Amino acid sequence: MASMELLVKGLDTAIWEMGEAFKGLPDEDVWKRPDPRLLSVGEIAAHVAYWEAQSFFGEGFESPFAASAARYYTTSAPEPFELSIGAEAVYAEVKRIHEAAKASFLANPHDSEEPNPYRGNWTWGSTLEYQAFHIAYHTGQMYSVRHLLGHETVDN
């Protein structure tokens, strides 16, 4: 298992990369779905932030993204989830949750094999490792949504 410090840096890098996906995103397209069966950039960002908050704080973290619709695709696909905030505010909320999670973890570091009480049978090491993957995976989806909407994105 990689050091916990490296895993935290991986999370920071994944959040930075997500920020690249928001560059040039018009506010009117943040909550637009390219197809009824696909989620919007805003819905995907809310999902990512929801699970980072759940993984580090459990229930009770205050955020507009702490909605059951952000939990999983099947909870948001039938009924679109939308907030009245634009691209900059969406990414700012993702970063706020990430920074709060990171600060909480660094203030009370855990061993990689220590159980994470917020994620069932997961350890803190597997939580950090998975969160970096989760953010990166969904950032790729954001780029795909943007391309389907006809956007030119930064070359990453």
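Residues numbered from 1 in each chain as written. Predicted model: local features only at pLDDT ≥ 70, side-chain atom pairs only at ≥ 80, totals over all residues. Heavy atoms only, no water.

It is worth spelling out the environment of Glu59 at this point. Relative to the elements of secondary structure, Glu59 occurs in the loop between helix H2 (41-57) and helix H3 (73-76). Distance from Glu59 to Arg37, taken between C-alpha atoms, is 28 Å for residues 22 residues apart in sequence. (Helix = DSSP H or I, 4+ residues; strand = E, 2+ residues; numbered from the N terminus.)

All told, the structure shown has one cavity of 30 Å³ or more when counted by the stated rule. What the largest cavity holds in volume is close to 40 Å³. The dominant element in the lining of the largest cavity, judged by the number of residues it contributes, is helix H4 (residues 87-107), at four residues. Taken together, the residues of the lining of the largest cavity sort by class into six nonpolar, one polar and two charged. (1 Å grid on protein atoms, 1.4 Å probe; cavity = no way out; pocket = protein on both sides within 12 Å on 5 of 7 lines; lining within 4 Å. Points joined across faces, edges and corners; volume = space filled by probe spheres on them. Nonpolar A, V, L, I, M, F, W, Y, C, P; charged D, E, K, R; others polar.)

Quick look at the pattern of salt bridges now. Inspection of the entire model under this criterion finds eight salt bridges. Two residues, Lys9 and Glu5, come together in a salt bridge whose shortest N-O distance is 3.7 Å. With a gap of four residues between them, Lys9 and Glu5 both fall in helix H1 (residues 4-22), about one helical turn apart. The shortest N-O distance in the salt bridge between Glu20 and Lys23 comes to 2.7 Å. (Salt bridge = Lys/Arg side-chain N within 4 Å of Asp/Glu carboxyl O.)

The next subject is the environment of Gln131. With respect to the secondary-structure elements, Gln131 resides in helix H5 (residues 124-148). Separated by 76 residues in sequence, Gln131 and Ser55 place their C-alpha atoms 8.4 Å apart. Aside from chain neighbours lying at most four places away, what touches Gln131 is Leu11, Trp51, Glu52, Ser55, Phe56 and Arg119. (Contact = heavy atoms within 4.5 Å.)

Here H4 contains 21 residues, and its C-alpha end-to-end distance of 30 Å stays within 8% of the 30 Å for a straight helix at 1.5 Å per residue. Within the span of H4, buried status applies to Ala87, Val90, Tyr91, Glu93, Val94, Ile97, His98, Ala101, Lys102 and Phe105. In a view along the axis of H4, the buried residues occupy a sector of 165 degrees, so they form one face of it. Opposite the buried face of H4, at more than 90 degrees from it, the exposed residues are Glu88 and Ala107. Residues of H4 that are buried make contact with H1, H2 and H5. (Expected span 1.5 Å × (residues − 1). Buried < 20%, exposed > 50% of the residue type's maximum accessible area, 1.4 Å probe, protein only. Arc of directions from axis to C-beta.)

Of the voids in this model, the largest pocket is the one considered here, and its volume is about 450 Å³. His47, Tyr72, Tyr73, His138 and Gln141 are the residues nearest the centre of the largest pocket, which is lined by 23 residues in total. Going through the elements one at a time, H2, H3 and H5 are the ones with two or more residues in the lining of the largest pocket. When residues of the lining of the largest pocket are assigned to their parent elements, the largest contribution, eight residues, is made by H5. Considering only residue class, the lining of the largest pocket consists of 14 nonpolar, six polar and three charged.

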